[in-house]
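Chains, contacts and geometry: an overview
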Amino acid sequence: LRRQRQMCIRDRGKIPPLRLLRQMFPYSGLKEWNICLSHRCRTQVNEILNRPYRDLPGSRFISKDPKVPESQDVSLFPGIRLVCVKTGLGMTNGSFWTVTEVGPPIILESEGISVKIPDEKFQSHLRLASCLVAQPTQGRTLRGQTCILEMDHPRWTEKHSRVCLSRAIDKSLLSIAPKGWHRPL
């Protein structure tokens, strides 16, 4: 099993069957980083992980924007991580940002750079980073525990597996959710 775990991430050969992957990387709950295939799963996981912060002192609620279909209700607080989904406002698509002030305006920081985001631009440019869709994670290193969701989705491919299994900095930080791991909110 240990040899298969090592081969799974580094080897360019065939990815082991999902049943074996789940044994190699057992699920123990949602993690710091979660990767899924669908927008529906992404918003659901972000909602689950963001919900406890709604009443946190110093947090600020930003409502879903009906003009931005991928947006969702968000509780912002200093320290929460976000991912940029649209280049502009001093940010690059795919970059990770940390909230330093909830504003308004919202102040974010990444690698020593600080940007101010007006409330009306938040939903069109940023998403919660606690759950990411698989395709945009390609080429990213996720430092911390990572859980892969929806590997049994009908549209999941070996390429998705290869991308997602190689995001964690160490195989001990990786887990794979079982089929039916979630319940609708």
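See the structure printed just above.
Just so we're clear, the structure is a prediction, and the values are computed from it rather than from any experiment.

**Considerations on the pairing of strand β5 (residues 96-101)**
Where strand β4 (residues 81-84) lies against β5, three bridges are found, and the strand directions are antiparallel. Looking at the pairing, Val83 lines up with Phe96 of β5. In this sheet, strand β6 (residues 106-110) lies alongside β5 in antiparallel orientation, the contact comprising three bridges. Among the inter-strand pairings, Thr98 is bridged to a residue of β6, identified as Glu109. Between the end of β5 and the start of β6, which pair antiparallel, lie four residues, with Gly103 showing a positive phi angle near 70°.

**Points about the pattern of salt bridges**
If you walk through the whole model with that rule in mind, you get eight salt bridges. Two residues, Glu32 and Arg81, come together in a salt bridge whose shortest N-O distance is 3.1 Å. Separated by 49 residues along the polypeptide, Glu32 in the loop between α2 (18-24) and β1 (33-36) and Arg81 in strand β4 bring together distant segments of the chain. We classify Arg81 as partly exposed; its relative accessible area is 27%. Of the charged contacts, one joins Arg162 and Glu158 as a salt bridge, the two residues approaching to 2.9 Å between their closest N and O atoms. Within this pair, Arg162 and its partner Glu158 are both found in helix α5 (residues 158-165), separated by four residues, close to a single helical turn. Residue Glu158 is classed as partly exposed on the basis of its relative accessible area of 34%.

**Observations concerning the side chain of Ser124**
Looking at where Ser124 falls in the secondary structure, it is placed in helix α4 (residues 119-125). Reaching out from Ser124, the side chain makes a polar contact with the side chain of His125 at a distance of 3.0 Å. Not counting chain neighbours up to four residues away, the residues in contact with Ser124 comprise Val68, Val85 and Lys86.

**A short note on the sheet that holds β1**
Spatially, the four strands line up as an open sheet ordered β9-β1-β10-β11, and their pairing is parallel. Whereas interior strands pair on both sides, the edge strands pair on one side only; in this sheet they are β9 (131-133) and β11 (174-176). The mean angle between the axes of side-by-side strands here comes to 25°, regardless of whether they run parallel or antiparallel. Sheet strands in contact with helix α3 (residues 39-50) are β1 and β9, and its direction is about 170° off that of β9. Sheet contacts for α5: β1, β10 (146-148) and β11; angle to β11, the most-contacted strand, approximately 145°.

Rules used in this analysis
- Residues numbered from 1 in each chain as written.
- Predicted model: local features only at pLDDT ≥ 70, side-chain atom pairs only at ≥ 80, totals over all residues.
- Heavy atoms only, no water.
- Pairing = 2+ DSSP bridges.
- Helix = DSSP H or I, 4+ residues; strand = E, 2+ residues; numbered from the N terminus.
- Salt bridge = Lys/Arg side-chain N within 4 Å of Asp/Glu carboxyl O.
- Buried < 20%, exposed > 50% of the residue type's maximum accessible area, 1.4 Å probe, protein only.
- Polar contact = N/O pair within 3.5 Å; in protein donor to acceptor, adjacent residues only side chain to side chain.
- Contact = heavy atoms within 4.5 Å.
- Axes fitted to C-alpha atoms, helices over the stretch in contact; angles between N-to-C directions.

Just geometry here; none of it tells us what the structure is for.
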